[in-house]
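# Examination of the molecular architecture
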Amino acid sequence: MPPSNTETPATIDLIGEDLLHNIVARLPATSFASAACVSRSWNLVCERVLSRPKLASACSFNPSYKDAVEEVLDKVLSEPIRPHFAIVSIGGSYESNNIDSDDDLEILEEARELITAALGSKVQVITNRPSGIIGRDVLSNEFKEIELGFGEENDSILLIVGFLPGLKVTTIPLRKKYDEQETFMIDEFVTDIREFSTSVSGCNSPAAIIMFGDEFHGSMMTVMEKMDYAMSPETVIVGDTLSQFRCTNEAQGGISVAVALVFAVDRNKPPGIGETQFHALLSSGLSPVGPTYKATSVIEKDDYETWIAARREGSDENIDGETILNRVYDEIGDRIRDRQLCIGVTKQRKCSVSQEKVGCMTSLALHGVCG
């Protein structure tokens, strides 16, 4: 019988796409990536496995930070994922390998380098020191919530990796000028975010931004107000502006005082990829107390202290801050114990970015009451 010109499929291909999908969906991330390179048909199956957004996370309380990093990496990469970004939260008293430095930033940079080496240089990695974490323990597989301090009992590393098909992700640092006032380069920061989003999606406002700031470089309030003004209302902006951090794309020749993890819709996304939507929910734990006042005098003593006087709506009587506070205490009574008192302030402000026309917007800010 003459040889046939019809190609005989490989034995593994005879199992069918459904079974192949079931197999590759159980592979760890590294093996999954290798499977995607076997053939075009395999790659299509792998694309279908990762056709939706995916987050994987793990937390380790190992006292050795290198062992802790290895444990969380093994956990998050134990299933199929192609990380676009990684957020590494570190707490406790881990020590840097650099014996000449006692700087906490050293451990953040070392951890960032370890994560980058494992995930690849194209993955955006941010390491930070938050005030607390919630994560699933790699050993017990139980969720744990702890408040982080600088005691050995709080040694912990939380790793979150994310895969977001149809989106492009990058990190953009906020720099500080080396001048007498050491001012933040806010306009340049906002412009960089807009330019990245425009280049990826054609829209100058991204889908979402996660902020990380450094409390040692001053208040981020002005930065957040400018971002709130410059970005579309559809852009979700969340984050922690009171923690040390290290990141991919660290500012060169200057100080990075904050970094934005930016998510922009890819206008060239493959067919079959839907729209990823971000939603933010604020669990404030606030209970409104007292009437509404109109401010008559606002004196900013410094970045952390403001003196106010106000009057009730419909009244001409000015009331000083102490009197307002005493009236609130009378209304609250015993409920003030172990609770923080804040004043919610609605205000209008003028804003602009670079040479753009000045605009006006209304916002609500919460100010803690010291006395």
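Here we summarise the structure given alongside this text. Just so you know, the residues in each chain are numbered from 1, in the order the chain's sequence is written. Whole-chain, interface and lining totals are the exception, using all residues; otherwise, since this is a predicted model, local features are given only for residues with pLDDT of at least 70 and side-chain atom pairs are given and counted only at 80 or more. In computing side-chain values, all of the structure's heavy atoms are included and hydrogens and water are not.

Note on pairing: DSSP must find at least two bridges between two strands before they are called paired. Strands here mean DSSP runs of E at least two residues long; helices mean DSSP runs of H or I at least four residues long; both are numbered from the N terminus. Read from one edge of the open sheet, four strands run 7-11-8-9, paired in mixed fashion. Because the sheet does not close on itself, it has two edges, and the strands there are strand 7 (167-176) and strand 9 (236-240). On average, each strand axis in the sheet is inclined to that of its neighbour by 20°, with strand direction left out of account. In this sheet, strand 11 (residues 255-265) lies alongside strand 8 (residues 208-213) in antiparallel orientation, the contact comprising six bridges. Directly across from F212, in strand 11, lies its bridge partner V259. Where helices are involved, their axes are fitted lines through C-alpha atoms of the stretch in contact, as for all axes, and angles between N-to-C directions lie from 0 to 180°.

Looking now at the sheet that holds strand 2 (residues 85-91). Strand order across the open sheet formed by five strands is 1-6-2-3-10, with mixed pairing between neighbours. Taken across any chain shown, the strands that pair with only one partner, and hence form the sheet edges, are strand 1 (54-60) and strand 10 (245-247). Neighbouring strand axes in the sheet, compared pairwise and without regard to direction, differ in orientation by 10° on average. Pairing of strand 2 with strand 3 (residues 124-128) involves five bridges; the strand directions are parallel. For S89, the partnering residue across the bridge sits in strand 3 and is N128. Relative to the sheet, helix 4 (residues 65-76) contacts strand 1 and strand 6 (156-163), its axis offset from that of strand 1 by approximately 150°. In this analysis, two residues are considered to be in contact whenever any of their non-hydrogen atoms come within 4.5 Å of each other.

With that out of the way, let us pick up the nonpolar core. As a rule of thumb, soluble globular proteins bury nonpolar side chains together. Core analysis: the biggest nonpolar cluster contains 37 residues, and I115, L119, I157, L159 and V161 have the highest contact counts within it. Elements represented by at least two residues in this core include exactly helix 1 (17-24), helix 2 (29-35), helix 3 (40-49), strand 1, helix 4, strand 2, helix 5 (104-119) and strand 6. Apart from residues no more than four positions distant in its own chain, I157 is found in contact with A58, C59, S60, Y65, A68, V69, V72, V88, S89, I90 and Y94. The next biggest cluster of nonpolar side chains, apart from the first, holds 22 residues, and it includes V190, V223, A260 and A264. Nonpolar core, defined: a set of buried Ala, Val, Leu, Ile, Met, Phe, Trp, Tyr and Cys residues in which side-chain atoms within 4.5 Å join the residues together. Working definition: with a 1.4 Å probe on protein chains only, accessible area under 20% of the residue-type maximum means buried, over 50% means exposed, and in between means partly exposed.

What follows concerns helix 4. Counted at 1.5 Å a residue, the expected span for helix 4 with its 12 residues is 16 Å, and the 17 Å between its end C-alpha atoms agrees. By the burial criterion, the buried members of helix 4 are Y65, A68, V69, V72, L73 and V76. For helix 4, the angular spread of buried residues about the axis comes to 130°, placing them on one side. Here the buried face of helix 4 lies against strand 1, helix 5 and strand 6. Expected helix span is computed as 1.5 Å times (number of residues minus one). The arc in question is the one spanned by the directions pointing from the helix axis to the C-beta atoms.

Looking now at the side chain of T235. Within the element layout of this structure, T235 appears in the loop between helix 7 (221-230) and strand 9. What makes T235 buried here is its relative accessible area of 9%. A polar atom in the side chain of T235 sits 2.5 Å from the side chain of S205. The term polar contact refers here to a pair of N or O atoms within 3.5 Å; inside protein, the definition further demands a hydrogen-donor-capable atom paired with an acceptor-capable atom, and it admits residues adjacent in sequence only when both atoms are side-chain atoms.

A word on helix 3. Among the residues making up helix 3, those that are buried are W42, V45 and C46. For helix 3, the arc enclosing every buried residue in end-on projection is 100°, short of the 170-degree limit, so these residues lie on one face. Structurally, helix 3 contributes buried residues whose contacts are with helix 1 and helix 2.

The geometry of a pair of packed helices is captured by two quantities: the angle between their axes and the separation between those axes. Taken N-terminus to C-terminus, the directions of helix 1 and helix 3 make an angle of 60°; their axes are 10 Å apart at the nearest point. For the element pair helix 1 / helix 3, the angle class is oblique. For helix 1 against helix 3, the interelement crossing comes out right-handed. Every residue of helix 3 that contacts helix 1 at E17, L20, H21 and V24 is listed here: W42, V45, R48 and V49. Here the nonpolar group is Ala, Val, Leu, Ile, Met, Phe, Trp, Tyr, Cys and Pro; Asp, Glu, Lys and Arg are the charged ones; every other residue, Gly included, is treated as polar. Residues that form the contact of helix 1 with helix 3 fall into these classes: five nonpolar, one polar and two charged. Orientation categories follow fixed angle ranges, with anything under 35 degrees roughly parallel, anything over 145 roughly antiparallel, 65 to 115 roughly perpendicular, and all other angles oblique. Should the near helix be turned counterclockwise from the far one by less than a right angle, the crossing is left-handed, whereas a clockwise turn marks it as right-handed.

A word on the pattern of salt bridges. We define a salt bridge as a side-chain nitrogen of Lys or Arg found within 4 Å of a carboxyl oxygen belonging to Asp or Glu. Here the structure, examined in full by the defined rule, presents 11 salt bridges. Among the ionic pairs, K54 bridges to E79, the shortest N-O distance being 3.3 Å. One end of the pair, K54, is in strand 1; the other, E79, is in the loop between helix 4 and strand 2, and 25 residues separate them in sequence. Overall, the relative accessible area of 32% leaves E79 in the partly exposed class. Note that E109 and R112 form a salt bridge whose closest N and O atoms lie 2.9 Å from each other. Linking E109 with R112, this pair stays in helix 5, spanning three residues, or about one helical turn. Here the salt bridges share partners, and the residues they tie into one network are E225, D228, K347 and R349.

Glancing now at a nonpolar patch on the surface. Taken together, V298, I308 and I343 make up a surface patch of nonpolar side chains, about 220 Å² in accessible area. Counting through the fold element by element, V298 comes out in strand 12 (residues 293-302). A patch consists of residues exposed above 30% relative accessible area that lack any salt bridge, with like charges linked at up to 9 Å and nonpolar side chains (Val, Leu, Ile, Met, Phe, Trp, Tyr) linked at up to 5 Å. The method behind every accessible area is Shrake-Rupley, applied with a 1.4 Å probe, and residues are considered shielded solely by the protein chains displayed.

Here a Phe, Tyr or Trp ring, Trp counted by its six-membered ring, pairs with any other such ring whose centre lies within 6.5 Å, and the pair is stacked when the planes are under 30 degrees apart, edge-to-face when over 60, and tilted otherwise. The final tally for this structure, using the stated rule, is three aromatic pairs. Aromatic side chains F85 and F263 sit 5.2 Å apart centroid to centroid with 80° between the ring planes, which places their arrangement in the edge-to-face category. Here the residue F85 occupies a position in strand 2, and F263 occupies one in strand 11, the gap between them amounting to 178 residues. F263 shares its class with F85; the two are buried. On the numbers, 5.4 Å between centres and 45° between planes, the contact of F263 with F278 is tilted. Note that F263 is positioned in strand 11 and F278 in the loop between strand 11 and strand 12, a separation of 15 residues in sequence. Note on F263: relative accessible area 2%, which makes it buried. For F278, a relative accessible area of 26% gives the class partly exposed. An aromatic cluster of at least three residues, connected via ring pairs, comprises F85, F263 and F278.

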